[in-house]
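Read off the chains here:
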Amino acid sequence: MIAALIFVVSIAAFMQFFVFYSRSVIAASRKHALSENVREVTGISGEMVEDLQFDRLLQLVELCPGSGSDEMGIRAVRAYFSGLGMLLSLVPQAPSGILSRTASWLKQERAACAYFAAAALDQRMAYSRTLLSHGARS
Amino acid sequence: MSDAFVYTIWILSFALEVYIVVRSLVHKDFRRYLSLNVFVGAMAARDVAAFFVQMRYGFTSLQYTYTYYYTDALLTILMYLTIAYLYFEVFREMHFGRYVRGVTLLLLAGTALFSYAVVQSNTDHLTGRFVVEMSQNMYFVGLVLTYLLWVAVFKLRETRARLVQLILALGIYFSATAATFAFRNMFPSMHSMAEFMGPLIGALLPMAWAYTFTKVPENARLVPQTLAGVVSHR
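Since this is a predicted model, take the numbers as computed values, not measurements. (Residues numbered from 1 in each chain as written. Chains lettered and ligands numbered in written order. Predicted model: local features only at pLDDT ≥ 70, side-chain atom pairs only at ≥ 80, totals over all residues. Heavy atoms only, no water.)

Turning to the overall build of chain A, a few remarks are in order. When helices and strands are tallied, chain A shows five helices and zero strands. N-terminal to C-terminal, the α/β element order of chain A is α-α-α-α-α. Relative to the globule expectation of 14 Å for 138 residues, the C-alpha radius of gyration of chain A, 18 Å, shows a markedly less compact shape. Dimensions of chain A along its principal axes, counting C-alpha atoms only, are 65 × 40 × 20 Å. (Helix = DSSP H or I, 4+ residues; strand = E, 2+ residues; numbered from the N terminus. Rg over C-alpha atoms; globule rule 2.2 N^0.38 Å.)

Below is the structure:
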């Protein structure tokens, strides 16, 4: 009985901590202004990034060499994005009301994840350029 | 559970733990995050000890079980000290340091006395289910303490991004570990699944802390209230 109670409370706390942690990682990326280079590569034009671009952006991130220090953040945001996707598929479409607001919030969160992926790609591209310029000099 | 998986996670955890301590030394942050570094260093030492015991006696040996659970109990006490340090940091400006130190000492003494009393009355079955239950309770206490700390961060509008992420990562670690032990306690026949999850969850904390120390600057600010509400982005 006590074990079951601890299990339920721990899972609930885990979900809450995980959501806050993922959002804290995403929040840091929102201060990052995307460079022209990353906009050119990804086709992002405005200040918004579509949530549907997330998977493609992560594929590009994986192709681009990085220092590896962003791996944990990428994994956390990827899991958060998948969780949001599952929730979105459970919310029935409605023209207005709480269901509509929930769906729009979930999409906004997923778009924030996509922006994080674009920022991660930008940082990796900058890292690669630095490596290349060091290589050329030596 | 494949040996390759366990060894990969082991090496990854150990490398990240060493990285955190060495990075603190290089950046002259070791004393600033003393209890955290001592805890991470102890985790690395435990990984090495467990690795050699496992190599010599095997995963299923009594020696490995004793090494794992005794070092885990010691690590939990060090983790309480880390939580105390985080409390101290959050309440520092309110000059509650003296009280935090007092409560920490009380908590440590209470945990030690409680553990001693339980061990004394269970000397005939110190392995197996008893240790699982004991670990489950200790991690759950850690989770409650971390949750209260998170509430304090929220109410006091603590904005140090590094501190916020360190606390959230600790919350993830405690809740996942307490849930795993509780699951194992509820379904002893499914222990292999819990044993599979153990190393993975163990690697989460060094991964998250290494990420925080590398990517989040000391002076970075974050308003925790924005994490609970709708985030508007660019």
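Enumeration over the complete set of coordinates arrives at 22 aromatic pairs over all chains. When the centroid spacing of 6.2 Å and the interplanar angle of 10 degrees are considered together, the rings of Phe14(A) and Phe18(A) count as stacked. Here Phe18(A) and Phe14(A) lie together in helix α1 (residues 2–29), a separation of four residues that amounts to about one turn. Look at Phe39(B) and Trp209(B): their rings are 6.1 Å apart centre to centre, the planes differ by 75 degrees, and that puts the pair in the edge-to-face class. You can see Phe39(B) sitting in helix α2 (residues 34–57) and its partner Trp209(B) sitting in helix α7 (residues 191–215), a full 170 residues away along the chain. Since its relative accessible area comes to 1%, Phe39(B) is described here as buried. You can call Trp209(B) buried: its relative accessible area is 0%. Geometry around Phe81(A) places Arg110(A) over its ring, the cationic atom sitting 4.0 Å from the centre. (Phe/Tyr/Trp six-rings, centres within 6.5 Å; stacked < 30°, edge-to-face > 60°. Buried < 20%, exposed > 50% of the residue type's maximum accessible area, 1.4 Å probe, protein only. Lys NZ or Arg CZ within 6 Å of the ring centre and 35° of its normal.)

Residue and element names in this part refer to chain A. For helix α3 (residues 54–63), every residue scored as buried is listed here: Phe54, Leu57, Leu58 and Val61. Down the axis of α3, the sector holding all buried residues measures 100 degrees, keeping them to one side. Counted as exposed and oriented over 90 degrees from the buried face of α3: Gln59 and Leu63. (Arc of directions from axis to C-beta.)

What follows covers the packing of α1(A) against helix α4 (residues 71–90) of chain A. All names here are of chain A. Direction vectors running N to C along α1 and α4 enclose 120 degrees, while the axes themselves pass 9 Å from each other. Judged on the interaxial angle alone, α4 and α1 are oblique. Note that α1 runs across α4; the crossing there is left-handed. In contact with Phe18, Val19, Tyr21, Ser22, Arg23, Val25 and Ile26 of α1, α4 contributes Met72, Gly73, Ala76, Val77, Ala79 and Tyr80. (Axes fitted to C-alpha atoms, helices over the stretch in contact; angles between N-to-C directions. Parallel < 35°, antiparallel > 145°, perpendicular 65-115°, else oblique. Left-handed = near helix turned anticlockwise from the far one by under 90°. Contact = heavy atoms within 4.5 Å.)

Now for the packing of α3(A) against α4(A). Residues and elements named next belong to chain A. It is the contact of α3 with α4, at a shortest axis distance of 12 Å, that shows an interaxial angle of 160 degrees. Taken as axis vectors, α3 and α4 run roughly antiparallel relative to one another. Relative to α4, the crossing made by α3 is left-handed. Here α3 contributes Phe54, Asp55, Leu58, Val61 and Glu62 to the contact with α4, which in turn contributes Ile74, Val77, Arg78 and Phe81.

This part covers unusual backbone geometry. All names here are of chain B. Positioned with a positive phi, Lys28 is a non-glycine residue whose angle comes to about 55 degrees. By secondary structure assignment, the location of Lys28 is in the loop between α1 (3–26) and α2. Its identity is not glycine, yet Arg157 carries a phi of approximately 55 degrees, on the positive side.

Residue and element names in this part refer to chain A. For Arg124, the location among the structural elements is in helix α5 (residues 98–137). Given the relative accessible area of 7%, Arg124 is considered buried. Once the C-alpha coordinates of Arg124 and Ser67 are considered, the two residues, 57 residues apart in sequence, prove to be 7.8 Å apart. In this view, Arg124 contacts Val61, Glu62, Cys64, Pro65, Gly66, Asp70, Glu71 and Ile74; residues no more than four positions away in its chain are not counted. For Arg124, the side chain forms a polar contact with the main-chain oxygen of Cys64, separated by 3.1 Å. Among the polar contacts made by the side chain of Arg124, one reaches the side chain of Glu71 at a distance of 3.1 Å. (Polar contact = N/O pair within 3.5 Å; in protein donor to acceptor, adjacent residues only side chain to side chain.)

Spatial relationships are all this shows, so hold off on functional conclusions.
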